[in-house]
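A look at the structure
For reference, the chains in residue letters:
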Amino acid sequence: ERIDSAALSAGAHFTRVCGAGGGGVIAVFVPPEKRLAVSNAILEHGGMPLDAEVDVNGLQCFQERP
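Because the structure is a prediction, the values reported are computed rather than measured. (Residues numbered from 1 in each chain as written. Predicted model: local features only at pLDDT ≥ 70, side-chain atom pairs only at ≥ 80, totals over all residues. Heavy atoms only, no water.)

1. Topic: the packing of aromatic side chains
Under the defined criterion, the tally for this structure stands at 1 aromatic pair. Here Phe14 and Phe29 contribute two aromatic rings whose centre-to-centre distance is 4.4 Å and whose plane-to-plane angle is 15°, an arrangement assigned as stacked. Of this pair, Phe14 sits in strand β1 (residues 14-18) while Phe29 is found in strand β2 (residues 25-29), placing the two residues 15 residues apart along the sequence. We classify Phe14 as partly exposed; its relative accessible area is 44%. (Phe/Tyr/Trp six-rings, centres within 6.5 Å; stacked < 30°, edge-to-face > 60°. Helix = DSSP H or I, 4+ residues; strand = E, 2+ residues; numbered from the N terminus. Buried < 20%, exposed > 50% of the residue type's maximum accessible area, 1.4 Å probe, protein only.)

2. A look at the nonpolar core
In terms of nonpolar packing, the biggest core is built from 8 residues, these being Ile3, Ala6, Ala7, Ala10, Ala12, Val38, Ala41 and Ile42. Taken together, the elements giving at least two residues each to this core come down to α1 (2-9) and α2 (35-44). In contact with Ala7, not counting residues within four places along its chain, are Ala12, Thr15, Val28, Val38 and Ile42. (Core = buried A, V, L, I, M, F, W, Y, C linked by side-chain atoms within 4.5 Å. Contact = heavy atoms within 4.5 Å.)

3. What about the confidence of the model for the protein chain?
Overall, the prediction assigns the protein chain a mean pLDDT of 89, with 94% of residues at 70 or greater. Within the protein chain, α2 carries the highest mean pLDDT (96), whereas β1 carries the lowest (90). (pLDDT = per-residue confidence, 0-100.)

4. Some details on α1
Buried within α1 are the following residues: Ile3, Ala6 and Ala7. Along the long axis of α1, the arc covered by the buried residues comes to 100°, so they all point the same way. Of the surrounding elements, those touching the buried residues of α1 are β1, β2 and α2. Within two residues after α1, Gly11 carries a phi angle of roughly 125°, on the positive side. (Arc of directions from axis to C-beta.)

5. Observations concerning the environment of Pro49
Note that Pro49 resides in the segment after α2. Residues Pro49 and Thr15, spaced 34 residues apart in sequence, show a C-alpha to C-alpha distance of 13 Å. Apart from residues lying up to four places away in sequence, Pro49 is in contact with Ser39, Ile42 and Leu43.

6. Remarks on α2
Of the positions making up α2, those classed as buried are Val38, Ala41 and Ile42. With its buried residues spanning 100° around the axis, α2 presents them on a single face. In α2, the exposed positions angled more than 90 degrees off the buried face are occupied by Leu36 and Glu44. Here the buried face of α2 lies against α1 and β2. Following α2 by one or two positions, Gly46 has its phi on the positive side, about 90°.

Written out as structure tokens, the structure is:
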């Protein structure tokens, strides 16, 4: 909860807890101009930011032809 609150206070749009049991992550959705501030807030509150981006195209698979 403290990481969630810190991220939102620093400018994140919203967060989502993912995973279950003994582990998991909090996905934090941040506008690009707030990325550094939110990352620093997460660090200051005991979190470890993992850099990721949303891919608006999704997974694309292509079959090679002989």
